[in-house]
Every structure is written in structure tokens, then in C-alpha cells.
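Listed below are the residues making up each chain.
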Amino acid sequence: MRGGRKTADRTENTDEGIRSKAYSHREVSTMSPVLWILDALFCASLLGLAWQTLRTRDLFKAIVLYIVFGLMMAMAWARLDAPDVALVEAAIGAGVTGVLLLSTLGTLSAARGEGSQRGGAFASAVPVAGLVTGLVGCLVGVLAVAVWQLPVESPGLSAAVEARQEESGTSNPVTAVLLNFRAYDTLLELTVLLLAVLGAEVLAGSEAAGSEAAEGGVAAQETAPRQETGPRQETGPRQETGPRQETGTRQGPDAQQERPPAADRDPVLRGFVRLVAPAMIVVAGYVLWIGGEAPGGAFPSGAVLAAMSFLLMLARAEEGPRLSRRGGRWILVAGLIVFWGVGIAMLAAERRFLEYPVPAAKGLVLLIEAVAAVSIAATLVALYRGGRLVRRPRRTVDSEFRS
Amino acid sequence: MTLLDGLSLLSIASGCFFFVAGSVGMLRLPDAFTRLHALTKADSAGLGLLVLGLGLQADSWWTVLRLLLIWLLVLLSSATTCHLIAQSALRRGAALRRGDNDE
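Novice: Explain the packing of helix α1 (residues 3–28) of chain B against helix α2 (residues 32–57) of chain B here, please?
Specialist: Two quantities define a packed helix pair, namely the angle between the helix axes and the distance between the axes. All names here are of chain B. Two elements in contact, α1 and α2, have axes whose closest approach is 8 Å; the angle formed by their N-to-C orientations is 165°. In terms of orientation, α1 lies roughly antiparallel with respect to α2. For α1 against α2, the interelement crossing comes out left-handed. Looking at the contact of α1 with α2 residue by residue, the classes come out as 16 nonpolar, nine polar and two charged.

This is the structure we're talking about:
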């Protein structure tokens, strides 16, 4: 784990990278055959899953395979002694990205009608695909050669990090690097996330300013991730019947015309969310706090909070304090504001930008992480909703509240 | 190897058996509902046995507590997910297989 995110990223895509990392971080001489077989299985299943994901023509199946790939990738990271990366990969790579892809698919099929997304558009792109495959192949080859030439024992900057660990305010080297020694990187990462939300909002805004169709698409996708054979069946007619979630089960398929009130939509799901949501908030706080001494921190914590919001949206249990749109925007930028604020405060105290005084380092890191976690969660939710944390007013209650 | 080690080995091995059986069931059983049945057994019983085996090896009660919590959360979510998937399959008319020997 010493190398942490930065060094690990470089070798991510190649088999050899995984292998050499595993070898350099463990005592190679005593590697048991069982572990060797485990590693071989990891590599084989990752490659197999990646191939299947690219090859399958059914987009829904491809997304599910991609999510499974993300989970396997997370396990591979854990196996490489990089639990921080594993956490983020599982939460964001598999979880949030999967939800985003599924909701995109839901919106696509709602907009285009059934079946048209089944890869028809890609059939004509075979030469392009061949070219891309060739280029990617070359790139992987170059990477493999580069990794092959790396020294097996490559300590990177871990000795330097260890030497100054005491001053960083945390005992987790990854957190020390991310939020103290190289806080610039994290600051810019948060900026990139915010830019992504802005991009999504601008695109969504130009696409469907005031059109109800987009809202319908959003509504249709919300049930998507829970469904087995895919959101593509969720097309036009179902939307018109409105509360489609629960019609069939309790009264049987014959009673489908009766619409239960919205509040009574899936009692099981709602009960589950009611139980689990508070626990998820506690977990998010725990992950954030533990980041000071063990794997954790703002990004996984924010992802857990975002996952909780997705669950709330799925169960339509969003009654809570209502936000104004302006309030939503403040939450989106709060992490960056605090980060910049701390940085500039350091300048004012005649230090360098983001150079924390040693006694206050722990508190400052925790403050930045706590606010950043909320902003990251808000960012992920906003991406899921097409760039807006708070939807445009639909009902009179909302507009009254906003006044 | 102490008695404790033996018990935890036994428990983990039987947990793994449940997972293998669940995977085989998911691949081999004929329809969505029977597959769900196989999967949720693996989730609940298999993970429970794994947690038991690992709990016996844990060095503090705090770890045992966290393991139990993980199991409880997975129980909750697997039961809910199973319900949702089954419901959605039923709603869209997935064929209920009525063979000769299953009712």
C-alpha cells in the first residue's frame, strides 16, 4: 500500500503490472502455489470479463459485466495490498459508474423506444473498432515493455513519505500524500469533478430545457438498477401508467389498473431503505474518520453517501429537508471552497499554499475531508440526475418553498 | 491445530460449499425464481458460516461485532434484492416453470 494510488495507477492495465506489483510488495521467495493460482485466476477472469464486456452486443449485459469487472478489479487491488484503491474502485468504479451507465441506458431506451439500442448503430463501426483495437493493443504493448523494464523493487517516494509521516497529521500514508504532501492533486481532482457536473448540467440543459420528456426518462431509469433483465422493457407505455413499481404483486396482474398512492410504492424497498440509510450515514462517517489511520477517506465516504442517495431515489423516499437549487450548488462547491480557504489561510499565515502547521494538520485534513466527502456525494448524485443536484420545480409545493 | 482452528476450518469449508452450490444452482436451475432461491441460500447461510469461521479467529470482540454487522447488512440487502428481482420478473411475466416433480 505504500505506493498508494499514484504509483499503482500507472501499471493498472497490464497483466504484467499486476504481477510485478504483487511480487514487489510481498516476500517473493515464499509465495505459495495457492496464492499463485489465485493470482492467475484473478488475471484470467479480469481479462475474460473485459473481453466479454467489449464483445457482447446487448448493452445491458455489457453494463452488468462491467460492474462485475469493477468488483473483480477491486478484489485484485485488495490482493495487491492497495485497499484504498480497492475501496474506491468498488464504490465508484463498480457502483456509481454502473448506476450511471444503467441510468443512461434507461434514458436512451425511454427516448428511442424498445430495442433500438441493441448495438445496431455499432454494426457499421467495425473498421473503426478494428483501428481502435489495434491502437489500444499497441499502447498495451508499450506499457507492458515499460513495466517490464521497471526495477522489481521500486520504492518510489515511500521512504520520503515515511520520514515525514509524523508531520502530516495522519498515520495513513495514503491520506498523508493525498491531503497533505500532494494536496494540490486532490484539490485539482475535486475541480475536475465539479467541471464534470457543470458539463453535464450544460448538456442536459441545452437538450431538454423544460421538456417533460427528460423528466420522464429520469423517472424511468430510477428503477433500472434493481431489475434483472434490463431497463429496456421500461418504455413508453409503462411510464404512462405511472406507479408501475407495485401494481402487480399485491393484487395480482388483473388489478393493474388500480394505482396505489405514490407513498405506498414498494413497501419492502422502502422499509429496507429506512433501515439501511441511517446505517450508511454511520458507515460514511466511519470510513471518513478511519481514513486518518487506515484505508478510507473522503472519496469512499462520499461514494457511500451517494449510494445512499441513489437508494433513497429508488425507493422514492426523498422526503427530507428540501433544498433550494442555490443551496444545492453551494453543497457542490463547498469542498473546493473549504480546500481553497484553508490553502489561502496558510498563505495569509505566511506559509506556502496548503502548507499546514504541524499541530493543526490533523484537524485541517479532517475538516477538508469531511466537507469534501459531502461535496463528492453531491457531485455523484448531480451527475446521476443530469447535472442538477436539485430538480427544477415541478409541483406547486416546491415553488412555494423556493419562492 | 487447536479445536478452535478445526471448528473454524469446518465452518469456512461448509460456507464455501454453500457458495459453490449457489453458483452451480444459478447456472443450472431453469428459471429466475429457482435461481434466486439458490443464490440467496449462498448469500445468507454461506456468508453466515464464513463469518462464524472468521469470528472464531478474530482477536477482538470489536472485530467479531463488525463481522456480524456485515453479515446482517448482507442478509437484509440480499433478501430485499431477491424480492425486487423476483417481483420484477413476475410482473413482466417470466415463465414459472411447472415441471413434473416440482409442484
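Novice: Explanation requested: the confidence of the model for chain B in the structure shown.
Specialist: Detailed reading of the predicted coordinates is not advisable wherever pLDDT falls low. Across chain B, pLDDT averages 85, with 89% of residues at or above 70. If you check the scores for this complex, the pTM reads 0.66 and the ipTM reads 0.76.

Novice: Honestly, the packing of helix α3 (residues 33–55) of chain A against helix α4 (residues 59–79) of chain A in this entry has me stumped. Any pointers?
Specialist: Residue and element names in this part refer to chain A. For the pair α3 and α4, the least separation of the axes is 9 Å and the interaxial angle reads 155°. Taken together, the axis directions place α3 and α4 in an arrangement best described as roughly antiparallel. The two elements α3 and α4 meet at a crossing, and its hand is left-handed. For the pair α3 and α4, the contacting residues are F42, S45, L46, L49, A50, Q52 and T53 in the first and A62, L65, Y66, V68, F69, M72, M73, M75, A76 and R79 in the second. Looking at side-chain class alone, the contact of α3 with α4 contains 13 nonpolar, three polar and one charged residues.

Novice: I'm lost on unusual backbone geometry in this one. Help?
Specialist: All names here are of chain A. One non-glycine residue, E350, lies in the positive phi region at around 60°. Assignment of secondary structure puts E350 in the loop between α15 (325–348) and α16 (361–384). The exposure class assigned to E350 is exposed, which follows from the 6 C-beta atoms found within 10 Å.

Novice: Sorry, what's going on with the confidence of the model for chain A here?
Specialist: Residues and elements named next belong to chain A. On average, residues of chain A score 72 in pLDDT, and 67% of them reach the 70 mark or higher. Counting contacts from residues 115–123, a segment whose pLDDT is below 50, to residues more than four positions away or on other chains yields eleven contacts. Ignoring residues within four places in sequence, the model shows residues 395–403, a span with pLDDT below 50, making five contacts including any to other chains.

Novice: How do you make sense of helix α5 (residues 83–112) of chain A when you look at a structure like this?
Specialist: Structural remark: α-helix, 3.6 residues per turn; residues separated by three or four positions point the same way. The end-to-end C-alpha distance of α5(A), which contains 30 residues, comes to 41 Å, matching closely the 44 Å that a straight helix rising 1.5 Å per residue would cover. At E89(A), α5(A) is bent by approximately 35°, the largest bend along its length.

Novice: Explain α4(A) to me, please; I cannot follow it from the model alone.
Specialist: All names here are of chain A. The end-to-end C-alpha distance of α4 is 30 Å, a good match for the 30 Å that 21 residues give at a rise of 1.5 Å each. Inspection of α4 places L59, F60, I63, L65, Y66, I67, F69, G70, M73, A74, A76 and W77 among the buried residues, and these make up the whole buried set. Immediately beyond the C-terminal end of α4, within one or two residues, lies D81, with a positive phi of roughly 65°.

Conventions we followed
Residues numbered from 1 in each chain as written. Chains lettered and ligands numbered in written order. Predicted model: local features only at pLDDT ≥ 70, side-chain atom pairs only at ≥ 80, totals over all residues. Axes fitted to C-alpha atoms, helices over the stretch in contact; angles between N-to-C directions. Helix = DSSP H or I, 4+ residues; strand = E, 2+ residues; numbered from the N terminus. Parallel < 35°, antiparallel > 145°, perpendicular 65-115°, else oblique. Left-handed = near helix turned anticlockwise from the far one by under 90°. Nonpolar A, V, L, I, M, F, W, Y, C, P; charged D, E, K, R; others polar. pLDDT = per-residue confidence, 0-100. Contact = placed C-beta atoms within 7 Å. Buried ≥ 20, exposed ≤ 12 C-beta atoms within 10 Å, placed from the backbone. Expected span 1.5 Å × (residues − 1). Bend = angle between axes of the 7 residues up to and from the residue.

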